[in-house]
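Listed below are the residues making up each chain.
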There are 2 protein chains.
Amino acid sequence: MAATTEGVVPASTGPGGWLTSVSHACLEHASGFVAERCDEQFLGRGEGALAIEALPEFVREGKFLRPLFAYVGWCCARPEDEAALRAATSLELLHCFALAQDDVMDRSALRRGRPALHTQFARWHRDQGWNGSATRFGESAAVLSGDLFLVWSEQMLRESGVPEPALARGWPHYDAMRSELAAGQLADLVNDARSLPSWDAVLDVIRRKSGNYTVRRPLEFGAALAVGDAPVLRALGEYGGLVGEAFQFRDDLLGVFGDPDLTGKPVSQDLRDRKASSVVVLAVAMAEAPQRRELQLLLDEEFLDDDAITCLRGTIAATGAPDQLEKLIDRRVRKALDAIDDTAIPSRMLETLAVLAARCTDRVR
Amino acid sequence: MAATTEGVVPASTGPGGWLTSVSHACLEHASGFVAERCDEQFLGRGEGALAIEALPEFVREGKFLRPLFAYVGWCCARPEDEAALRAATSLELLHCFALAQDDVMDRSALRRGRPALHTQFARWHRDQGWNGSATRFGESAAVLSGDLFLVWSEQMLRESGVPEPALARGWPHYDAMRSELAAGQLADLVNDARSLPSWDAVLDVIRRKSGNYTVRRPLEFGAALAVGDAPVLRALGEYGGLVGEAFQFRDDLLGVFGDPDLTGKPVSQDLRDRKASSVVVLAVAMAEAPQRRELQLLLDEEFLDDDAITCLRGTIAATGAPDQLEKLIDRRVRKALDAIDDTAIPSRMLETLAVLAARCTDRVR
């Protein structure tokens, strides 16, 4: 893909087509960068035989949502740019870091319908007939893979070709994002371990983990690379916070009610994991006394079989929490689009942001 | 501590006293930086109540060996400098990342005679009476703490105040160090899982993990910050590779024969962990046929009790492997000191490098 004076990606089609071209370009940048780093570390080394295949492949499976937001942030203030696209793409490697390690911590065997990284490494250990626990090995190897993604993300950003003064504006956003990501995951673990966190505690984690990390920070980061402090940056920040929260509400609804064929995860995985997600906590908060007793009883079970899951889903639905969350999602998306109206953002990017908001919140996987 | 035209640290005493002042200054910089970052992430948040105490404390317990080498690398080519000292100190946070996660992967309950980070987090979980496995929680929280150290190390380096052209010379060394660290740990896990790796495979991991990471890369990194490609850098690289290997040989000897009161780890921890360390692999390689059968038998045991450990130590000693490793250590240190002789390195730094080589290889903990 060559940069042209017209822009990096042909602006032929509407926002949807443009986003598709951008995400393809991100995929090539990200998987190419990781493949080079893997060659440096693992080429010709037996112990790297799986990593050298699995890590670039893991990158290629992504949705590139965060790079898209970052690049849109840039394009709200500046013309398309190859270096900015590479800088934006670095966020996908940060996301790979989070996924690789989250799946270990949550013991999720599947990711996007395929074996999670730790599952792949454990299987490899078993196939080699090695000593010790294959599960432990898989978990450790996935944590280390996550570490490598974390390191390579920063390296990719630094080497993106974005000039120094622009990079200097981006670093505070980037640093905040990575620190919040790890600290937010810690808060998430604590919430899951507590009997039932409050709705406020859940909202706080959502704001830090998804609201900030998925939408707001990437947008602000991209816009900050492009331009100094500006009303555009503030408007994007507000849009990002709202769409990010709505994104997580949708994620939590899918974690309980999603179709496993589409989500690539087992039915009601969040319930099986006792995840104190927004829909569960809101259901408990909204429940009538008998419903609350029933929810509490089910949530306290050691093991939930399929009947118990069905029952739990029914009770959660009966509290009205899912409908209420749908309303919260709608309201946030509308407020988000209002926030960017009447700004200096080019109309093509306004349309793109509307498409992205819908894609984040009106999805089945 | 204020920078003066005379240098950051008073050059009053000999190399030993100077190293002590430098490591105190590193300690203040590192723990101060981490305390600030912890405040940003955790202040006033219940889920951060342990992290905000434990993370800066974890930093304060270090030996600051890698910052010392990096700063000595700088001082081989340039006068003392406050910004360079901060840049050098960033390597201690990289080391904290490695320790926090290695202890999870090795299931080491102790670190420097105190509870490892994951042990502290698990205990906290138990004290709060939370749901779920305290062990799993402790491990996840320690991995996340490691992630934060990894992020903060790079941030500390970037914000050290070392000017851009100097930093640009340091990044390739820094990047190589962090990638090798994670990739080397993966190689280490594979070696431990294999029945018995070859001596060459063990040497390869030692070179990448310790030879490079503990001495060589920090020295080269510090020297590269100070100066472009130069004979000094090459000489320090050679010294570093040799002292680093010798450092790891000593570490492996202590892992089998060390005094637990001094090492802060249980007796023969490496044997209990079935660690394919240099002394074990060399013992098997040097063993006569009956000794090898005995070693193999013991190493294949599911559980090693104290008698078995004593027996195993005796057999390893009888192969002559420990004596041979002592010789290898001596030889490497002598070659290392030869490598830096007849260079442009100031005599005060030559003395300091001799003291550091001894400190790395002639130690009981």
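The structure displayed is predicted, hence computed values, not measured ones.

**A look at helix α4 (residues 82-105) of chain A**
All names here are of chain A.
- Compared with the 34 Å implied by 1.5 Å per residue over 24 residues, the 36 Å span of α4 between its first and last C-alpha is a close match.
- For α4, a buried count of 21 out of 24 residues is recorded, marking the element as mostly surrounded by other parts of the structure.
- Count one or two residues on from α4 and you reach Arg107, which has phi positive near 55°.

**Some thoughts on the environment of Ala336 of chain A**
Residues and elements named next belong to chain A.
- Structurally, Ala336 is set in helix α15 (residues 321-340).
- Along the sequence, Ala336 and Gly258 sit 78 residues apart, while their C-alpha atoms lie 25 Å from each other.
- Those residues in contact with Ala336 that lie beyond four places of it in its chain are Tyr239, Leu242, Val243 and Ala357.

**Things to note about the interface of chain A and chain B**
- Contacts between the two partners involve 40 residues from chain A and, on the opposite side, 40 residues from chain B.
- Among the elements that take part in the side of chain A that touches chain B, helix α7 (residues 164-193) of chain A stands out by supplying 14 residues, more than any other.
- Residue composition of the side of chain A that touches chain B, by class: 19 nonpolar, 10 polar and 11 charged.

**Structural notes on the environment of Leu144 of chain B**
- Within the secondary structure layout, Leu144 of chain B lies in helix α6 (residues 134-158).
- On the basis of neighbour count, Leu144 of chain B is assigned to the buried category, with 26 C-beta atoms found within 10 Å.
- The sequence separation of Leu144 of chain B and Ala100 of chain B amounts to 44 residues, and the corresponding C-alpha distance is 8.9 Å.
- Apart from residues lying up to four places away in sequence, Leu144 of chain B is in contact with Ala182, Gln185 and Leu186 of chain A.

**A short note on the confidence of the model for chain A**
All names here are of chain A.
- Averaged over every residue, the pLDDT of chain A is 90; the share at 70 or more is 96%.
- Within the model, pLDDT remains below 50 along residues 1-6, and this stretch shows five contacts once partners closer than five positions in the same chain are excluded.
- Interface confidence in the predicted complex, given as ipTM, is 0.90; pTM for the same model is 0.90.

**Structural notes on the relation of the copies chain A and chain B**
- Rotating chain A by 180° and translating it 0.0 Å along the rotation axis places it on chain B, where the RMSD comes to 0.0 Å. Accordingly, the operation relating the two chain copies is best matched by a two-fold axis. Looking at the rotation axis and the C-alpha trace of chain A, the residue lying nearest is Asp147 of chain A, at 3.6 Å.
- When the interface residues of chain A are mapped onto chain B, 100% of them are again interface residues, pointing to one common binding face.

**Considering helix α2 (residues 51-60) of chain B**
- For α2 of chain B, the set of buried residues is Ala51, Leu55, Phe58 and Val59 of chain B. Down the axis, α2 of chain B shows its buried residues gathered within 100° of arc, on one side only.
- Along its buried surface, α2 of chain B packs onto α7 of chain A together with α1 (15-42), α4 (82-105), α5 (117-128) and α6 of chain B.

**Thoughts on the packing of α4 of chain A against α7 of chain A**
Residue and element names in this part refer to chain A.
- Where α4 meets α7, the closest approach of the two axes is 12 Å, and the angle between their N-to-C directions is 15°. Between α4 and α7, the angle falls in the class roughly parallel. The way α4 lies across α7 gives a crossing that is right-handed. Along its contact with α4, which presents Ala87, Leu94, Ala98, Asp102 and Met105, the element α7 presents Gly170, Arg178, Leu181, Gln185 and Leu189.
- Taken together, the residues that form the contact of α4 with α7 break down as six nonpolar, two polar and two charged.

**Quick word on unusual backbone geometry**
- One non-glycine residue with positive phi stands out, namely Arg107 of chain A, at about 55°.
- Relative to the helices and strands, Arg107 of chain A is located in the loop between α4 and β1 (110-111).
- Judged by the 13 C-beta atoms lying within 10 Å of it, Arg107 of chain A is partly exposed.
- In this structure, Asp342 of chain B is a non-glycine residue whose phi angle is positive, near 60°.
- With respect to the element layout, Asp342 of chain B can be found in the loop between α15 (321-340) and α16 (347-361).

About the cut-offs
- Residues numbered from 1 in each chain as written.
- Chains lettered and ligands numbered in written order.
- Predicted model: local features only at pLDDT ≥ 70, side-chain atom pairs only at ≥ 80, totals over all residues.
- Helix = DSSP H or I, 4+ residues; strand = E, 2+ residues; numbered from the N terminus.
- Expected span 1.5 Å × (residues − 1).
- Buried ≥ 20, exposed ≤ 12 C-beta atoms within 10 Å, placed from the backbone.
- Contact = placed C-beta atoms within 7 Å.
- Nonpolar A, V, L, I, M, F, W, Y, C, P; charged D, E, K, R; others polar.
- pLDDT = per-residue confidence, 0-100.
- Least-squares fit on C-alpha atoms with pLDDT ≥ 70 in both.
- Arc of directions from axis to C-beta.
- Axes fitted to C-alpha atoms, helices over the stretch in contact; angles between N-to-C directions.
- Parallel < 35°, antiparallel > 145°, perpendicular 65-115°, else oblique.
- Left-handed = near helix turned anticlockwise from the far one by under 90°.

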